[in-house]
Structures are given as C-alpha cells and as structure tokens.
Amino acid sequence: MKRQTTVWLLCISFPFLTVGQAKDLELCEALSSSVLLPGFSDVDVGASLSWQFTGNKGTRAVVDYTMSSAEPTVDPHYRGRSQFFPSNTSVLLQDLKRSDQGLYTLTVQGAAVRTKNVSLSILQPVANPLILGFVEHSSVELRCSVVFGDWPQFSWERVGVPLANGTKYVLREAEDESSLTIQDLQGTDCGRYTCVVSSPVSREEDSYELDSDLIMKKRGDYEKTPEETHQIAS
C-alpha cells in the first residue's frame, strides 16, 4: 500500500547473485498470476541457450534449447505451466507459486556468451480492508486493517483528496493497520473518508461516511461502539 505519497519502485533483492553477476531486471507479480521472463531477440542460428532458476533450495534448469531444434527441453517442474518463445528466447511462467520466487538466469552460447538475470518476487495481494470508527468526546478515530497481503501500504483520502498529518488529522501506522484521528469535530468534517491499501501487485479500499448526526452527538461525551459507527459508503 501507499504510505502517503510513497510509491514502491523496487522489488525484493535476492541473495542468490554470485560475484560478477548483476540484476538486469526486477519483477513483482501476484501469487497464482503469470509472468513473462524477457530474453534476447537477436540470437545466432545454431546457438544454444538455457534458462536456470536459483532459489532458497538451490539451482534447477527451466528450459534448454538449441536454435536449430524443433522443441525445447523443459524441466518437469515447469511442464504444463510454462511456454518458451524461440523468436525472442523469453519464457512465460503461469500459476506462480511462492517457490517460484528467486533469480532466473538466461545464458546464450553462440559467437559470444551472453547472460541476463531477472529477479522475481511473488506477493500475496492485499484483500478485504475494513474501517472501524471509534468516537470519543470531540474526535473520531478510524482504524483500517487488512486480513492478509504482502507489503501493505496505507493512505487516507477525503472525497478523493489525500490527507496528511497536521493539527486536524493524526495518522498512525502499524504493520497491518493504519489509523486516522479527526480532531475537534465540526459540521464541516462530514463526508466520506477512504482508506487505500496497496502493494506492488494490488490495490483495495474501504470507505467510512462521517455524518452530521454523529458529529452532533459527540457533544456531551457521546460514544459509540465500532459496530454502531461503521458505515460503508454505497
């Protein structure tokens, strides 16, 4: 998720590179989705190539191919959920699993040896954010949480406008939860407040409608339970 205006630019860095290796590309994909591992499009006729995977349990072959051959040799682990494209030596992996997370290396042996390293992160998308409201005296605290998801980041909006810490709004964040406290409640605070939960592979949101009746009732130390105050905007 976004933490205010923070945007994820990089994926996880893997400790599988040996001395002299460099990551040419970093990819983040959702669990059970697909990913295309890009290769080289200008490979010599007769050159041989291999895709290899390096993960926590070691290294295994993915695809071996000679450009003059009819069919590639695919490792049993990837049969039925991968496709090799000889025209650009790329590989499509489908139904991604946690165990597919790691480093993929393409090595082409022709007139010269060429390599490409692609690191792949597999993430569980964030899901089912929920806002609960807690009213106390002259303020209301909105708590937003998610049931599951990797790398969740939170941001808050009011009618589509991002909110930031200040005298009116206080934002706090824990590992899987974010809170927005609206202080010194006034009639002008009515409206829809949205919690946006995002990650490099997903984006979800939940909304809370703060109405004038609730604000007026806060006078006289009025307090409600989360169940009574939570309203999902239609």
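Residues numbered from 1 in each chain as written. Predicted model: local features only at pLDDT ≥ 70, side-chain atom pairs only at ≥ 80, totals over all residues. Heavy atoms only, no water.

Describing the sheet that holds strand E13 (residues 161–162)
Turning to step 1, where the next piece is worked out: The antiparallel open sheet is built from four strands, whose spatial order is E13-E12-E16-E17. Across the chains shown, the open sheet's two edge strands, defined by having one partner strand only, are E13 and strand E17 (202–210).
Turning to step 2, where the next piece is worked out: Across six bridges, strand E12 (residues 153–158) lies against strand E16 (residues 191–199) in antiparallel orientation. Along E16, the bridge assignment pairs Glu157 with Thr194. (Pairing = 2+ DSSP bridges. Helix = DSSP H or I, 4+ residues; strand = E, 2+ residues; numbered from the N terminus.)

Some words on the confidence of the model for the chain
Turning to step 1, where the next piece is worked out: The predicted model of the chain averages 84 in pLDDT, with 81% of residues at 70 or higher.
Turning to step 2, where the next piece is worked out: Contacts of residues 1–10 to residues separated by more than four positions or lying in other chains number 30 contacts, the stretch itself having pLDDT below 50.
Turning to step 3, where the next piece is worked out: Taken together, the stretch residues 13–20 has pLDDT below 50 and engages in 16 contacts with residues farther than four places along the chain or on a different chain. (pLDDT = per-residue confidence, 0-100. Contact = heavy atoms within 4.5 Å.)

Describing the pairing of strand E11 (residues 139–145)
Turning to step 1, where the next piece is worked out: Residues Val140, Leu142 and Cys144 of E11 are buried on one face, while the alternating residues Ser139, Glu141, Arg143 and Ser145, pointing to the opposite face, are not.
Turning to step 2, where the next piece is worked out: Where strand E10 (residues 130–136) lies against E11, seven bridges are found, and the strand directions are antiparallel. Paired with Gly133 across the strands is Leu142, a residue of E11.
Turning to step 3, where the next piece is worked out: The turn linking E10 back onto E11 is made up of two residues, and His137 within it adopts a positive phi angle of 55°. (Buried < 20%, exposed > 50% of the residue type's maximum accessible area, 1.4 Å probe, protein only.)

Observations regarding unusual backbone geometry
Turning to step 1, where the next piece is worked out: Positioned with a positive phi, Ser32 is a non-glycine residue whose angle comes to about 75°.
Turning to step 2, where the next piece is worked out: Mapped onto the elements, Ser32 comes out in the loop between strand E1 (25–30) and strand E2 (35–37).
Turning to step 3, where the next piece is worked out: Of note in the backbone geometry, Thr89 takes a positive phi value of approximately 55° without being a glycine.
Turning to step 4, where the next piece is worked out: Looking at where Thr89 falls in the secondary structure, it is placed in the loop between strand E6 (82–85) and strand E7 (90–93).
Turning to step 5, where the next piece is worked out: Given a relative accessible area of 0%, Thr89 falls into the buried group.

Looking at the nonpolar core
Turning to step 1, where the next piece is worked out: Counting residues in each nonpolar core, the largest one holds 24 residues, and the members touching the most others are Leu37, Trp51, Leu93 and Tyr104.
Turning to step 2, where the next piece is worked out: For this core, the elements supplying multiple residues, two or more each, are E2, strand E3 (48–55), strand E4 (58–66), E7, strand E8 (102–109) and strand E9 (113–123).
Turning to step 3, where the next piece is worked out: For Tyr104, the residues in contact, after removing those within four places along its chain, are Leu37, Trp51, Gln52, Phe53, Val62, Tyr78, Leu93, Lys116, Asn117, Val118 and Leu120.
Turning to step 4, where the next piece is worked out: Counting residues in each nonpolar core, the second largest holds 20 residues, with Val135, Leu180, Leu185 and Tyr208 among its members. (Core = buried A, V, L, I, M, F, W, Y, C linked by side-chain atoms within 4.5 Å.)

Let's talk about the packing of aromatic side chains
Turning to step 1, where the next piece is worked out: For the structure on display, the rule yields two aromatic pairs.
Turning to step 2, where the next piece is worked out: Taking 4.8 Å as the distance between ring centres and 45° as the angle between the ring planes, the aromatic pair formed by Phe53 and Tyr104 counts as tilted. With a gap of 51 residues between them, Phe53 in strand E3 and Tyr104 in strand E8 connect regions that are remote in the sequence. The burial state of Phe53 is the same as that of Tyr104; both residues are buried.
Turning to step 3, where the next piece is worked out: Ring geometry for Tyr65 versus Phe84: centroids 5.0 Å apart, planes at 55°, classification tilted. (Phe/Tyr/Trp six-rings, centres within 6.5 Å; stacked < 30°, edge-to-face > 60°.)

Here's the deal with the sheet that holds E6
Turning to step 1, where the next piece is worked out: Judged by pairing direction, the sheet is antiparallel, and its three strands sit side by side in the order E2-E7-E6 without closing on themselves. Either end of the sheet is taken by a strand with one partner, and the two such strands are E2 and E6. For this sheet, the mean angle separating the axes of adjacent strands, direction not counted, is 20°.
Turning to step 2, where the next piece is worked out: Strand direction decides the pairing type here: E6 and E7, joined by four bridges, are antiparallel. When the sheet's bridge partners are listed, Gln83 is paired in E7 with Leu92. (Axes fitted to C-alpha atoms, helices over the stretch in contact; angles between N-to-C directions.)

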